[in-house]
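Given next are the chains, with one letter for each unit.
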Amino acid sequence: MSGEDAPAQQQNAEEQKQQQQQQESKTPAESPKTESKPDPPPSSASTEAAAADTPAPAAEKAPEEDTFSYRALVLTGYGGYDKVKLQVKKGKPALKSGEVMVRVKMCGLNFADLMARQGLYDRLPSPPVTPGMECSGIIEAVGEDVTDRKVGDKVLVLNRSGMWQEVVVVATTHTFLMPEGMSFEEAAALPVNYITAYLMLFDFGHLRPNQSVLIHMAAGGVGIAATQLCKTVNDVTVFGTASASKHEVISQGGVTHTIDYRTRDYVEEIRKISPKGLDIVLDPLGGSDTHKGYNLLKPMGKLVSYGAANMLAGQKKNLFVVAKTWYQQFSVHTLSLIQGNRSVCGFHLGYLDSETELIAQAMAAVMDLYRQGKIKPRIDSTYHLEQVGDAMRRMQERNNIGKIILTTEPMKEEEKKEEAKKDEEKKKDDKKKDDKKKEDKKKDDAKKDDKKAEEKEEAKKEEN
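Everything numeric here is computed off the predicted structure, so don't read it as measured data. (Residues numbered from 1 in each chain as written. Predicted model: local features only at pLDDT ≥ 70, side-chain atom pairs only at ≥ 80, totals over all residues. Heavy atoms only, no water.)

## What about the overall build of the chain?
For step 1, the next point in the chain: Of the regular secondary structure elements, the chain holds 15 helices and 15 strands.
For step 2, the next point in the chain: Here the chain holds 464 residues, and 43% of them are scored as buried.
For step 3, the next point in the chain: Here the analysis covers contacts within the chain between residues at least 6 apart in sequence; of these, 68% occur between residues at least 24 apart. (Helix = DSSP H or I, 4+ residues; strand = E, 2+ residues; numbered from the N terminus. Buried < 20%, exposed > 50% of the residue type's maximum accessible area, 1.4 Å probe, protein only. Contact = heavy atoms within 4.5 Å.)

## Examining the confidence of the model for the chain
For step 1, the next point in the chain: Here the chain shows a mean pLDDT of 83. Residues at 70 or above account for 78%.
For step 2, the next point in the chain: In this model residues 322–326 is a low-confidence stretch, pLDDT under 50, and it forms 7 contacts with partners more than four residues away in sequence or in other chains. (pLDDT = per-residue confidence, 0-100.)

## A word on helix H6 (residues 191–204)
For step 1, the next point in the chain: With 14 residues, H6 extends 18 Å from end C-alpha to end C-alpha; this agrees with the ideal 20 Å at 1.5 Å per step.
For step 2, the next point in the chain: Taken across its 14 residues, H6 has 12 buried, putting it largely inside the fold.
For step 3, the next point in the chain: Of all the residues in H6, the buried ones are Pro191, Val192, Asn193, Tyr194, Ile195, Thr196, Ala197, Tyr198, Leu199, Met200, Leu201 and Phe202.
For step 4, the next point in the chain: Backbone geometry just downstream of H6 places His206 in the positive-phi region, at approximately 50 degrees. (Expected span 1.5 Å × (residues − 1).)

## Comments concerning helix H14 (residues 388–396)
For step 1, the next point in the chain: Those residues of H14 lying buried are Val388, Gly389, Ala391, Met392 and Met395. Down the axis, H14 shows its buried residues gathered within 160 degrees of arc, on one side only.
For step 2, the next point in the chain: Residues of H14 that are buried make contact with strand S1 (69–75), strand S2 (84–90), helix H4 (111–117), strand S14 (379–384) and strand S15 (403–407).
For step 3, the next point in the chain: With its phi angle positive at about 60 degrees, Arg398 sits one or two positions after the end of H14. (Arc of directions from axis to C-beta.)

## So, the nonpolar core
For step 1, the next point in the chain: Counting residues in each nonpolar core, the largest one holds 89 residues, and the members touching the most others are Leu201, Leu207, Val213, Leu282 and Leu406.
For step 2, the next point in the chain: Sort the elements by how many residues they give to this core and H6 lands first, with 9 residues.
For step 3, the next point in the chain: In contact with Leu406, other than residues within four places in its own chain, are Leu73, Lys105, Met106, Cys107, Trp164, Tyr383, His384, Leu385, Val388 and Ala391.
For step 4, the next point in the chain: Counting 11 residues, the second-largest nonpolar core is a separate cluster that includes Phe239, Tyr266, Ile270 and Leu297. (Core = buried A, V, L, I, M, F, W, Y, C linked by side-chain atoms within 4.5 Å.)

## Comments concerning the sheet that holds strand S13 (residues 343–346)
For step 1, the next point in the chain: The 6 strands are arranged S10-S9-S8-S11-S12-S13 in an open sheet whose pairing can be described as parallel. Whereas interior strands pair on both sides, the edge strands pair on one side only; in this sheet they are strand S10 (257–259) and S13. Adjacent strand axes in the sheet meet at a mean angle of 15 degrees when their direction is disregarded.
For step 2, the next point in the chain: Alignment of strand S9 (residues 237–241) against S10, held across 3 bridges, turns out to be parallel. Bridging across to S10, Thr241 finds its partner in Ile259.
For step 3, the next point in the chain: Its contacts with the sheet place helix H9 (residues 266–273) against strand S8 (212–215), S9, S10 and strand S11 (278–283), and it is angled at close to 160 degrees to S10.
For step 4, the next point in the chain: On the sheet, helix H10 (residues 288–295) packs against S11, strand S12 (297–305) and S13 and is oriented at approximately 155 degrees with respect to S12. (Pairing = 2+ DSSP bridges. Axes fitted to C-alpha atoms, helices over the stretch in contact; angles between N-to-C directions.)

## Regarding a positive patch on the surface
For step 1, the next point in the chain: Together, Lys448, Lys452, Lys456 and Lys460 line one region of the surface with positive charge.
For step 2, the next point in the chain: Among the structural elements, Lys452 can be located in helix H15 (residues 413–463). (Patch = residues over 30% accessible without salt bridge, like charges linked within 9 Å, V, L, I, M, F, W, Y side chains within 5 Å. Areas by Shrake-Rupley, 256 points an atom, 1.4 Å probe, with all protein chains shown as cover. Salt bridge = Lys/Arg side-chain N within 4 Å of Asp/Glu carboxyl O. Lys, Arg positive; Asp, Glu negative; His and termini not counted. Charge placed at Lys NZ, Arg CZ, Asp CG, Glu CD.)

## Here's the deal with the environment of Val255
For step 1, the next point in the chain: For Val255, the location among the structural elements is in the loop between helix H8 (247–253) and S10.
For step 2, the next point in the chain: Given a relative accessible area of 5%, Val255 falls into the buried group.
For step 3, the next point in the chain: Beyond its immediate sequence surroundings of up to four residues, Val255 is in contact with Ala218, Thr227, Val238, Phe239, Gly240 and Ile250.

## Describing the pattern of salt bridges
For step 1, the next point in the chain: Taken as a whole and judged by the stated rule, the model has 14 salt bridges.
For step 2, the next point in the chain: The network of salt bridges with shared partners includes Arg71, Glu166 and Glu386.

## As for the environment of Met178
For step 1, the next point in the chain: For Met178, the location among the structural elements is in the loop between strand S7 (175–177) and helix H5 (184–189).
For step 2, the next point in the chain: If we skip the residues at most four places from it in the chain, Met178 touches Lys154, Val155, Leu156, Ser183, Phe184 and Ala187.

## Remarks on the packing of aromatic side chains
For step 1, the next point in the chain: Applying the stated criterion to the full structure yields 4 aromatic pairs.
For step 2, the next point in the chain: Look at Tyr198 and Phe202: their rings are 4.9 Å apart centre to centre, the planes differ by 45 degrees, and that puts the pair in the tilted class. Here Phe202 and Tyr198 lie together in helix H6, a separation of 4 residues that amounts to about one turn. By the burial criterion, Tyr198 is buried, and Phe202 matches it. (Phe/Tyr/Trp six-rings, centres within 6.5 Å; stacked < 30°, edge-to-face > 60°.)

## Side note on the pairing of S8
For step 1, the next point in the chain: What you see with S8 is no split at all: Ser212 and Leu214 on one side and Val213 and Ile215 on the other are buried throughout.
For step 2, the next point in the chain: When S8 meets S9, the two strands line up parallel, connected through 4 bridges. Within S9, the residue paired with Leu214 across the bridge is Phe239.
For step 3, the next point in the chain: Traced from S8 through helix H7 (residues 221–230) to S9, the parallel crossover comes out right-handed.
For step 4, the next point in the chain: Direction of pairing for S8 relative to S11: parallel, over a ladder of 3 bridges. Across the sheet, residue Val213 finds its bridge partner in S11, namely Ile280. (Right-handed = clockwise from strand over helix to strand, strands pointing away.)

Right, here's the structure in full:
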(Lines give C-alpha, C1' and ligand atoms only; values in the text may rest on other atoms or scores of the structure.)
Protein backbone atom coordinates (compact mmCIF):
# COMPACT_ATOMS: atom_id res chain seq x y z
CA MET A 1 0.00 0.00 0.00
CA SER A 2 1.37 3.44 -0.91
CA GLY A 3 0.78 6.72 0.98
CA GLU A 4 -1.14 8.08 -2.00
CA ASP A 5 -3.89 5.40 -1.67
CA ALA A 6 -4.58 6.03 2.07
CA PRO A 7 -7.69 8.15 3.06
CA ALA A 8 -7.32 11.22 5.28
CA GLN A 9 -7.28 10.10 8.91
CA GLN A 10 -6.17 11.36 12.31
CA GLN A 11 -2.49 12.22 12.80
CA ASN A 12 -1.69 9.22 15.01
CA ALA A 13 -3.28 6.79 12.54
CA GLU A 14 -1.34 8.39 9.66
CA GLU A 15 1.96 8.00 11.56
CA GLN A 16 1.22 4.34 12.22
CA LYS A 17 0.48 3.84 8.53
CA GLN A 18 3.72 5.56 7.52
CA GLN A 19 5.72 3.36 9.91
CA GLN A 20 4.10 0.29 8.36
CA GLN A 21 4.94 1.55 4.84
CA GLN A 22 8.57 2.19 5.85
CA GLN A 23 8.86 -1.39 7.07
CA GLU A 24 7.36 -2.69 3.78
CA SER A 25 9.63 -0.53 1.62
CA LYS A 26 12.73 -1.70 3.56
CA THR A 27 12.06 -5.38 2.90
CA PRO A 28 13.32 -5.61 -0.74
CA ALA A 29 16.41 -3.47 -0.03
CA GLU A 30 17.97 -5.67 2.63
CA SER A 31 20.57 -7.40 0.37
CA PRO A 32 24.22 -7.33 1.61
CA LYS A 33 25.16 -4.92 -1.20
CA THR A 34 22.94 -2.12 0.04
CA GLU A 35 22.69 -2.67 3.79
CA SER A 36 24.45 0.60 4.52
CA LYS A 37 21.94 2.65 2.46
CA PRO A 38 19.44 4.82 4.52
CA ASP A 39 15.77 3.79 4.68
CA PRO A 40 13.66 5.29 1.84
CA PRO A 41 10.83 7.81 2.51
CA PRO A 42 7.24 6.52 2.63
CA SER A 43 5.86 7.89 -0.66
CA SER A 44 6.18 6.00 -3.96
CA ALA A 45 7.62 9.09 -5.70
CA SER A 46 10.27 9.33 -3.04
CA THR A 47 10.93 5.62 -3.38
CA GLU A 48 11.50 6.02 -7.13
CA ALA A 49 13.84 8.94 -6.53
CA ALA A 50 15.80 6.88 -4.03
CA ALA A 51 15.99 4.05 -6.56
CA ALA A 52 17.38 6.50 -9.11
CA ASP A 53 20.09 7.50 -6.62
CA THR A 54 21.03 3.86 -6.02
CA PRO A 55 24.34 2.86 -7.75
CA ALA A 56 24.13 1.05 -11.10
CA PRO A 57 23.87 -2.76 -11.13
CA ALA A 58 27.69 -2.93 -11.50
CA ALA A 59 27.91 -2.03 -7.82
CA GLU A 60 26.07 -5.24 -6.98
CA LYS A 61 29.01 -7.34 -8.19
CA ALA A 62 32.68 -7.27 -7.30
CA PRO A 63 34.78 -4.72 -9.25
CA GLU A 64 36.52 -6.07 -12.36
CA GLU A 65 39.90 -5.30 -10.84
CA ASP A 66 39.17 -7.78 -8.05
CA THR A 67 37.88 -10.59 -10.30
CA PHE A 68 40.33 -10.17 -13.21
CA SER A 69 42.89 -12.98 -13.35
CA TYR A 70 45.29 -14.43 -15.90
CA ARG A 71 47.87 -17.19 -16.08
CA ALA A 72 51.58 -16.46 -16.21
CA LEU A 73 54.83 -18.40 -16.30
CA VAL A 74 57.06 -17.35 -13.41
CA LEU A 75 60.76 -18.03 -12.91
CA THR A 76 60.82 -18.87 -9.21
CA GLY A 77 64.59 -19.35 -8.94
CA TYR A 78 67.67 -20.27 -10.93
CA GLY A 79 68.27 -23.85 -12.00
CA GLY A 80 66.50 -26.60 -13.94
CA TYR A 81 63.37 -26.69 -16.05
CA ASP A 82 61.15 -27.03 -12.98
CA LYS A 83 62.08 -23.51 -11.85
CA VAL A 84 59.60 -22.05 -14.37
CA LYS A 85 56.11 -22.55 -12.94
CA LEU A 86 52.62 -21.71 -14.22
CA GLN A 87 50.81 -19.43 -11.76
CA VAL A 88 47.64 -17.33 -11.66
CA LYS A 89 47.96 -13.56 -11.23
CA LYS A 90 44.98 -11.60 -9.88
CA GLY A 91 44.01 -8.00 -10.45
CA LYS A 92 43.63 -6.07 -13.69
CA PRO A 93 46.91 -4.37 -14.73
CA ALA A 94 46.77 -0.58 -14.63
CA LEU A 95 47.40 1.34 -17.85
CA LYS A 96 49.63 4.42 -17.89
CA SER A 97 49.63 7.08 -20.54
CA GLY A 98 50.91 5.73 -23.86
CA GLU A 99 50.41 2.07 -22.90
CA VAL A 100 48.18 -0.70 -24.23
CA MET A 101 46.96 -3.98 -22.77
CA VAL A 102 47.34 -7.01 -25.02
CA ARG A 103 45.56 -10.36 -24.72
CA VAL A 104 48.41 -12.70 -25.62
CA LYS A 105 47.89 -15.55 -28.09
CA MET A 106 51.43 -16.84 -28.69
CA CYS A 107 54.90 -16.33 -27.16
CA GLY A 108 58.37 -16.94 -28.55
CA LEU A 109 61.10 -19.00 -26.85
CA ASN A 110 64.68 -17.75 -27.22
CA PHE A 111 68.13 -18.90 -26.18
CA ALA A 112 68.34 -15.92 -23.81
CA ASP A 113 65.40 -17.44 -21.89
CA LEU A 114 67.43 -20.58 -21.28
CA MET A 115 70.35 -18.51 -20.01
CA ALA A 116 68.02 -16.46 -17.82
CA ARG A 117 66.69 -19.64 -16.20
CA GLN A 118 70.24 -20.52 -15.14
CA GLY A 119 71.00 -17.01 -13.91
CA LEU A 120 73.30 -16.19 -16.84
CA TYR A 121 71.30 -13.29 -18.29
CA ASP A 122 71.39 -10.08 -16.28
CA ARG A 123 68.73 -8.26 -18.33
CA LEU A 124 66.03 -10.28 -16.59
CA PRO A 125 65.09 -8.97 -13.10
CA SER A 126 65.69 -11.27 -10.15
CA PRO A 127 63.13 -14.03 -9.45
CA PRO A 128 60.25 -14.26 -9.02
CA VAL A 129 59.75 -12.80 -12.49
CA THR A 130 57.92 -13.60 -15.73
CA PRO A 131 60.39 -14.25 -18.59
CA GLY A 132 59.80 -13.85 -22.33
CA MET A 133 60.90 -11.18 -24.80
CA GLU A 134 58.24 -11.46 -27.51
CA CYS A 135 54.60 -12.34 -28.05
CA SER A 136 51.62 -11.72 -30.31
CA GLY A 137 47.98 -10.99 -29.52
CA ILE A 138 45.05 -8.57 -29.65
CA ILE A 139 44.82 -5.17 -27.97
CA GLU A 140 42.11 -5.19 -25.28
CA ALA A 141 42.52 -1.69 -23.85
CA VAL A 142 44.43 1.53 -24.57
CA GLY A 143 45.69 4.16 -22.16
CA GLU A 144 45.54 7.92 -22.44
CA ASP A 145 47.28 9.67 -25.34
CA VAL A 146 47.28 6.49 -27.47
CA THR A 147 46.32 7.51 -31.00
CA ASP A 148 48.09 4.96 -33.23
CA ARG A 149 46.56 1.83 -31.69
CA LYS A 150 42.97 0.80 -30.98
CA VAL A 151 41.10 -2.03 -29.30
CA GLY A 152 41.00 -5.05 -31.60
CA ASP A 153 44.34 -4.40 -33.34
CA LYS A 154 46.44 -7.52 -33.90
CA VAL A 155 50.00 -6.83 -32.81
CA LEU A 156 53.34 -8.44 -32.15
CA VAL A 157 55.22 -7.24 -29.07
CA LEU A 158 58.93 -6.92 -28.28
CA ASN A 159 59.95 -6.23 -24.69
CA ARG A 160 62.86 -6.89 -22.34
CA SER A 161 60.86 -9.43 -20.30
CA GLY A 162 57.40 -10.36 -19.02
CA MET A 163 55.83 -11.71 -22.22
CA TRP A 164 55.08 -15.29 -21.10
CA GLN A 165 51.61 -14.59 -19.76
CA GLU A 166 48.03 -14.26 -20.96
CA VAL A 167 47.89 -10.47 -20.50
CA VAL A 168 50.69 -7.91 -20.92
CA VAL A 169 50.84 -4.13 -20.61
CA VAL A 170 53.49 -2.36 -22.70
CA ALA A 171 54.23 1.00 -24.30
CA THR A 172 52.80 1.37 -27.79
CA THR A 173 56.36 1.83 -29.09
CA HIS A 174 56.96 -1.83 -28.22
CA THR A 175 54.05 -3.02 -30.36
CA PHE A 176 53.92 -3.50 -34.13
CA LEU A 177 50.83 -4.08 -36.25
CA MET A 178 50.66 -7.53 -37.82
CA PRO A 179 50.59 -7.60 -41.65
CA GLU A 180 47.57 -9.06 -43.39
CA GLY A 181 47.74 -12.84 -43.53
CA MET A 182 50.34 -13.25 -40.77
CA SER A 183 49.43 -15.89 -38.16
CA PHE A 184 49.89 -15.35 -34.42
CA GLU A 185 52.54 -18.11 -34.46
CA GLU A 186 54.54 -16.31 -37.15
CA ALA A 187 54.13 -12.98 -35.35
CA ALA A 188 55.54 -14.43 -32.11
CA ALA A 189 58.42 -16.02 -34.03
CA LEU A 190 59.50 -12.89 -35.84
CA PRO A 191 60.67 -10.02 -33.53
CA VAL A 192 63.78 -11.32 -31.74
CA ASN A 193 65.18 -13.62 -34.44
CA TYR A 194 64.62 -11.44 -37.50
CA ILE A 195 65.59 -8.09 -35.97
CA THR A 196 68.74 -9.70 -34.56
CA ALA A 197 69.65 -11.22 -37.94
CA TYR A 198 68.75 -8.05 -39.85
CA LEU A 199 70.85 -5.70 -37.72
CA MET A 200 73.84 -8.06 -37.72
CA LEU A 201 73.84 -8.62 -41.48
CA PHE A 202 72.93 -5.17 -42.75
CA ASP A 203 73.93 -2.69 -40.02
CA PHE A 204 77.08 -4.39 -38.75
CA GLY A 205 77.90 -6.62 -41.71
CA HIS A 206 76.88 -4.31 -44.62
CA LEU A 207 76.02 -7.44 -46.61
CA ARG A 208 76.45 -6.97 -50.37
CA PRO A 209 76.17 -9.17 -53.48
CA ASN A 210 78.79 -11.88 -54.08
CA GLN A 211 79.82 -12.08 -50.42
CA SER A 212 80.08 -15.17 -48.19
CA VAL A 213 78.57 -15.69 -44.73
CA LEU A 214 79.05 -18.36 -42.03
CA ILE A 215 75.93 -19.02 -39.95
CA HIS A 216 76.40 -21.23 -36.91
CA MET A 217 73.36 -23.12 -35.57
CA ALA A 218 71.77 -22.61 -38.98
CA ALA A 219 68.67 -24.63 -38.06
CA GLY A 220 67.79 -22.40 -35.11
CA GLY A 221 65.50 -19.38 -35.10
CA VAL A 222 68.22 -16.78 -35.78
CA GLY A 223 69.99 -19.16 -38.17
CA ILE A 224 66.93 -19.62 -40.40
CA ALA A 225 66.14 -15.88 -40.24
CA ALA A 226 69.71 -14.98 -41.24
CA THR A 227 69.66 -17.50 -44.11
CA GLN A 228 66.42 -16.07 -45.49
CA LEU A 229 67.75 -12.52 -45.23
CA CYS A 230 70.97 -13.51 -47.02
CA LYS A 231 68.87 -14.77 -49.93
CA THR A 232 67.36 -11.30 -50.36
CA VAL A 233 70.79 -10.19 -51.66
CA ASN A 234 72.06 -11.51 -54.99
CA ASP A 235 74.70 -14.23 -55.14
CA VAL A 236 75.45 -14.55 -51.42
CA THR A 237 77.14 -17.83 -50.45
CA VAL A 238 75.91 -19.21 -47.13
CA PHE A 239 77.86 -21.75 -45.06
CA GLY A 240 75.68 -23.29 -42.34
CA THR A 241 76.65 -25.57 -39.45
CA ALA A 242 74.07 -28.02 -38.09
CA SER A 243 73.76 -31.71 -37.25
CA ALA A 244 73.40 -33.98 -40.29
CA SER A 245 69.70 -34.70 -39.65
CA LYS A 246 68.90 -31.01 -40.29
CA HIS A 247 70.87 -30.54 -43.50
CA GLU A 248 68.02 -31.22 -45.89
CA VAL A 249 65.80 -28.57 -44.29
CA ILE A 250 68.44 -25.83 -44.13
CA SER A 251 69.56 -26.59 -47.72
CA GLN A 252 65.99 -26.10 -48.90
CA GLY A 253 65.91 -22.87 -46.88
CA GLY A 254 68.90 -21.39 -48.70
CA VAL A 255 72.14 -22.68 -47.11
CA THR A 256 74.65 -23.19 -49.92
CA HIS A 257 77.11 -25.44 -48.08
CA THR A 258 75.97 -27.51 -45.08
CA ILE A 259 78.54 -28.70 -42.52
CA ASP A 260 78.02 -31.27 -39.77
CA TYR A 261 79.91 -29.69 -36.89
CA ARG A 262 79.74 -32.93 -34.91
CA THR A 263 81.72 -35.03 -37.39
CA ARG A 264 83.63 -32.45 -39.45
CA ASP A 265 86.05 -29.62 -38.79
CA TYR A 266 84.07 -26.71 -40.23
CA VAL A 267 87.22 -24.59 -40.59
CA GLU A 268 88.81 -27.17 -42.90
CA GLU A 269 85.58 -27.63 -44.86
CA ILE A 270 85.23 -23.89 -45.44
CA ARG A 271 88.90 -23.52 -46.44
CA LYS A 272 88.46 -26.22 -49.09
CA ILE A 273 85.59 -24.31 -50.70
CA SER A 274 86.68 -20.74 -49.97
CA PRO A 275 90.46 -20.60 -49.48
CA LYS A 276 90.47 -16.82 -49.12
CA GLY A 277 88.00 -16.97 -46.26
CA LEU A 278 84.66 -15.32 -45.48
CA ASP A 279 83.19 -11.84 -45.45
CA ILE A 280 80.90 -12.24 -42.44
CA VAL A 281 80.81 -14.71 -39.52
CA LEU A 282 77.76 -14.76 -37.22
CA ASP A 283 78.92 -16.30 -33.95
CA PRO A 284 76.42 -17.35 -31.25
CA LEU A 285 78.87 -19.83 -29.68
CA GLY A 286 81.75 -17.94 -28.08
CA GLY A 287 84.94 -19.43 -26.70
CA SER A 288 87.29 -21.20 -29.13
CA ASP A 289 84.75 -20.92 -31.96
CA THR A 290 85.12 -17.14 -31.87
CA HIS A 291 88.88 -17.51 -32.44
CA LYS A 292 88.22 -19.89 -35.34
CA GLY A 293 85.67 -17.54 -36.85
CA TYR A 294 88.02 -14.57 -36.66
CA ASN A 295 90.78 -16.51 -38.40
CA LEU A 296 88.34 -17.42 -41.20
CA LEU A 297 87.72 -13.78 -42.11
CA LYS A 298 88.98 -12.21 -45.30
CA PRO A 299 90.58 -8.76 -45.17
CA MET A 300 87.76 -6.30 -44.39
CA GLY A 301 85.76 -9.21 -43.00
CA LYS A 302 83.52 -8.88 -39.94
CA LEU A 303 82.77 -11.23 -37.06
CA VAL A 304 79.58 -10.50 -35.11
CA SER A 305 79.43 -12.21 -31.73
CA TYR A 306 75.86 -12.38 -30.44
CA GLY A 307 75.75 -15.20 -27.90
CA ALA A 308 77.61 -17.64 -25.68
CA ALA A 309 75.92 -21.00 -26.30
CA ASN A 310 79.13 -22.81 -25.34
CA MET A 311 78.80 -21.27 -21.89
CA LEU A 312 75.20 -22.36 -21.25
CA ALA A 313 76.23 -25.45 -19.34
CA GLY A 314 78.98 -25.20 -16.78
CA GLN A 315 80.22 -21.88 -15.45
CA LYS A 316 77.65 -19.59 -13.87
CA LYS A 317 78.42 -16.27 -15.54
CA ASN A 318 76.16 -13.60 -16.91
CA LEU A 319 76.64 -12.26 -20.42
CA PHE A 320 78.69 -9.28 -19.24
CA VAL A 321 81.17 -11.51 -17.41
CA VAL A 322 81.29 -13.90 -20.38
CA ALA A 323 82.08 -11.04 -22.75
CA LYS A 324 84.68 -9.58 -20.39
CA THR A 325 86.40 -12.96 -19.98
CA TRP A 326 86.33 -13.53 -23.73
CA TYR A 327 87.98 -10.20 -24.48
CA GLN A 328 90.61 -10.82 -21.80
CA GLN A 329 91.45 -14.21 -23.30
CA PHE A 330 91.14 -13.15 -26.94
CA SER A 331 94.65 -13.14 -28.41
CA VAL A 332 93.90 -10.48 -31.02
CA HIS A 333 95.41 -7.19 -29.88
CA THR A 334 94.98 -3.74 -31.43
CA LEU A 335 98.05 -4.12 -33.65
CA SER A 336 96.97 -7.46 -35.10
CA LEU A 337 93.47 -6.06 -35.72
CA ILE A 338 94.97 -3.20 -37.69
CA GLN A 339 97.31 -5.44 -39.64
CA GLY A 340 94.57 -8.00 -40.34
CA ASN A 341 92.07 -5.41 -41.61
CA ARG A 342 89.30 -7.34 -39.87
CA SER A 343 86.71 -6.29 -37.30
CA VAL A 344 84.94 -7.87 -34.35
CA CYS A 345 81.49 -6.66 -33.25
CA GLY A 346 79.26 -7.60 -30.34
CA PHE A 347 75.47 -7.60 -30.52
CA HIS A 348 72.58 -8.50 -28.24
CA LEU A 349 69.05 -7.25 -28.82
CA GLY A 350 68.25 -7.38 -25.11
CA TYR A 351 70.72 -4.54 -24.47
CA LEU A 352 69.25 -2.43 -27.28
CA ASP A 353 65.71 -2.07 -25.93
CA SER A 354 66.03 1.68 -25.37
CA GLU A 355 66.82 2.29 -29.06
CA THR A 356 63.16 2.25 -30.10
CA GLU A 357 63.72 4.20 -33.32
CA LEU A 358 66.45 1.86 -34.56
CA ILE A 359 64.35 -1.21 -33.74
CA ALA A 360 61.28 0.33 -35.40
CA GLN A 361 63.27 0.93 -38.60
CA ALA A 362 64.57 -2.64 -38.63
CA MET A 363 61.08 -4.00 -37.93
CA ALA A 364 59.61 -1.93 -40.78
CA ALA A 365 62.20 -3.38 -43.18
CA VAL A 366 61.53 -6.93 -41.96
CA MET A 367 57.76 -6.49 -42.25
CA ASP A 368 58.17 -5.20 -45.80
CA LEU A 369 60.18 -8.30 -46.72
CA TYR A 370 57.44 -10.47 -45.18
CA ARG A 371 54.77 -8.74 -47.26
CA GLN A 372 56.87 -9.37 -50.37
CA GLY A 373 57.05 -13.07 -49.50
CA LYS A 374 60.86 -13.02 -49.21
CA ILE A 375 60.94 -14.15 -45.58
CA LYS A 376 58.66 -16.41 -43.55
CA PRO A 377 59.32 -17.71 -40.00
CA ARG A 378 59.63 -21.49 -39.78
CA ILE A 379 57.73 -22.88 -36.78
CA ASP A 380 59.39 -25.96 -35.31
CA SER A 381 56.78 -26.78 -32.68
CA THR A 382 54.13 -25.27 -30.40
CA TYR A 383 53.79 -26.05 -26.70
CA HIS A 384 51.19 -25.06 -24.11
CA LEU A 385 52.34 -22.93 -21.17
CA GLU A 386 51.97 -26.08 -19.06
CA GLN A 387 54.68 -27.71 -21.23
CA VAL A 388 57.32 -24.98 -20.98
CA GLY A 389 59.84 -27.42 -19.51
CA ASP A 390 59.58 -29.69 -22.56
CA ALA A 391 59.90 -26.67 -24.87
CA MET A 392 63.06 -25.49 -23.11
CA ARG A 393 64.54 -28.99 -23.14
CA ARG A 394 63.97 -29.27 -26.90
CA MET A 395 65.86 -26.05 -27.53
CA GLN A 396 68.66 -26.71 -25.05
CA GLU A 397 69.29 -30.15 -26.57
CA ARG A 398 69.29 -28.47 -30.01
CA ASN A 399 66.55 -30.67 -31.44
CA ASN A 400 64.57 -27.83 -32.99
CA ILE A 401 64.57 -26.74 -36.63
CA GLY A 402 63.12 -23.24 -36.51
CA LYS A 403 61.19 -21.41 -33.82
CA ILE A 404 59.66 -22.95 -30.71
CA ILE A 405 56.37 -21.29 -29.74
CA LEU A 406 54.35 -21.23 -26.50
CA THR A 407 50.57 -20.91 -26.80
CA THR A 408 48.42 -19.41 -24.05
CA GLU A 409 45.50 -21.67 -24.95
CA PRO A 410 44.92 -23.96 -21.93
CA MET A 411 45.48 -27.67 -22.37
CA LYS A 412 42.37 -29.81 -22.69
CA GLU A 413 41.71 -32.47 -20.08
CA GLU A 414 42.46 -35.23 -22.58
CA GLU A 415 45.79 -33.62 -23.39
CA LYS A 416 46.64 -33.27 -19.71
CA LYS A 417 45.94 -36.96 -19.13
CA GLU A 418 48.03 -37.87 -22.16
CA GLU A 419 50.82 -35.61 -20.95
CA ALA A 420 50.72 -37.24 -17.51
CA LYS A 421 51.04 -40.66 -19.16
CA LYS A 422 54.01 -39.49 -21.20
CA ASP A 423 55.66 -38.06 -18.09
CA GLU A 424 55.14 -41.34 -16.27
CA GLU A 425 56.55 -43.32 -19.18
CA LYS A 426 59.50 -40.96 -19.42
CA LYS A 427 60.24 -41.39 -15.73
CA LYS A 428 60.17 -45.17 -16.19
CA ASP A 429 62.48 -44.93 -19.24
CA ASP A 430 64.83 -42.63 -17.37
CA LYS A 431 64.89 -45.06 -14.45
CA LYS A 432 65.67 -47.94 -16.81
CA LYS A 433 68.48 -45.95 -18.38
CA ASP A 434 69.87 -45.04 -14.96
CA ASP A 435 69.64 -48.66 -13.82
CA LYS A 436 71.37 -49.80 -17.01
CA LYS A 437 74.13 -47.24 -16.52
CA LYS A 438 74.63 -48.44 -12.94
CA GLU A 439 74.66 -52.05 -14.11
CA ASP A 440 77.13 -51.27 -16.88
CA LYS A 441 79.31 -49.40 -14.41
CA LYS A 442 79.29 -52.39 -12.06
CA LYS A 443 80.30 -54.64 -14.95
CA ASP A 444 83.07 -52.27 -15.97
CA ASP A 445 84.29 -52.01 -12.40
CA ALA A 446 84.20 -55.83 -12.12
CA LYS A 447 86.22 -56.17 -15.34
CA LYS A 448 88.75 -53.64 -14.06
CA ASP A 449 89.02 -55.54 -10.77
CA ASP A 450 89.48 -58.82 -12.64
CA LYS A 451 92.12 -57.25 -14.83
CA LYS A 452 93.95 -55.89 -11.80
CA ALA A 453 93.78 -59.33 -10.16
CA GLU A 454 95.16 -60.93 -13.32
CA GLU A 455 97.97 -58.38 -13.47
CA LYS A 456 98.82 -59.07 -9.83
CA GLU A 457 98.79 -62.81 -10.53
CA GLU A 458 101.08 -62.34 -13.53
CA ALA A 459 103.43 -60.20 -11.45
CA LYS A 460 103.63 -62.94 -8.81
CA LYS A 461 104.36 -65.54 -11.46
CA GLU A 462 107.16 -63.40 -12.86
CA GLU A 463 108.62 -62.96 -9.38
CA ASN A 464 108.53 -66.74 -8.80
